[in-house]
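Descriptive structure summary
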Amino acid sequence: SSSQICETFGVHPKLQAVQGMYNDGDLLFFTNTGVLTKETDKENWWRDTATQLFAHNWMQREAERVDPLKEADGTGILGRIADALNKKGRSVGTFSIERNTISLIGTPGL
């Protein structure tokens, strides 16, 4: 983007698999993303969104869910991806080394 202040990005060489995928164009990173349910501006954001946009803990939770319109309420993005893969006959599981996180929760019974 023309407003991007950085011209070069990279991945640390000790993350060989990640660096290889990034260098090959098979991996990308999203930065400065947030959770909006509709277009807004700096004067009206507080009225237009239910999420606390400037609270780190809220943004972490919303990033784990990736469901701003509550279409799959109570589930997380990784759990829904695992559900989709299981429906296609793939045997997958999810786990977290940090904590029990909503990002891993899929649709019950799948």
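Heads up: these notes are all about the structure in this document. (Residues numbered from 1 in each chain as written. Predicted model: local features only at pLDDT ≥ 70, side-chain atom pairs only at ≥ 80, totals over all residues. Heavy atoms only, no water.)

Here we come to helix H3 (residues 56–65). For H3, the full list of buried residues reads Met59, Glu62, Glu64 and Arg65. Contact partners of the buried residues in H3: helix H4 (77–87). Positive backbone phi, approximately 45°, marks valine 66, located one or two places after H3. (Buried < 20%, exposed > 50% of the residue type's maximum accessible area, 1.4 Å probe, protein only. Helix = DSSP H or I, 4+ residues; strand = E, 2+ residues; numbered from the N terminus. Contact = heavy atoms within 4.5 Å.)

Let us now look at a nonpolar patch on the surface. A cluster of nonpolar side chains, contributed by Leu78, Ile81, Leu85 and Val92, occupies part of the molecular surface with about 300 Å² of accessible area. Structurally, leucine 85 is set in helix H4. A relative accessible area of 36% places leucine 85 in the partly exposed class. (Patch = residues over 30% accessible without salt bridge, like charges linked within 9 Å, V, L, I, M, F, W, Y side chains within 5 Å. Areas by Shrake-Rupley, 256 points an atom, 1.4 Å probe, with all protein chains shown as cover. Salt bridge = Lys/Arg side-chain N within 4 Å of Asp/Glu carboxyl O.)

Moving on, we come to the layout of surface pockets. The space that makes up the largest pocket amounts to roughly 440 Å³. Lining the largest pocket we find 13 residues, and of these Phe30, Thr33, Glu62, Ala63 and Val66 sit closest to its centre. When grouped by side-chain class, the residues that make up the lining of the largest pocket number seven nonpolar, four polar and two charged. (1 Å grid on protein atoms, 1.4 Å probe; cavity = no way out; pocket = protein on both sides within 12 Å on 5 of 7 lines; lining within 4 Å. Points joined across faces, edges and corners; volume = space filled by probe spheres on them. Nonpolar A, V, L, I, M, F, W, Y, C, P; charged D, E, K, R; others polar.)

Tracing the sequence through the fold places glutamate 62 in helix H3. Of the buried charged residues, glutamate 62 lacks a salt bridge, with arginine 65 as the closest side chain of opposite charge at 4.0 Å. Ignoring sequence-local partners within four residues, the contact set of glutamate 62 consists of Val35, Thr51 and Lys70. (Lys, Arg positive; Asp, Glu negative; His and termini not counted.)

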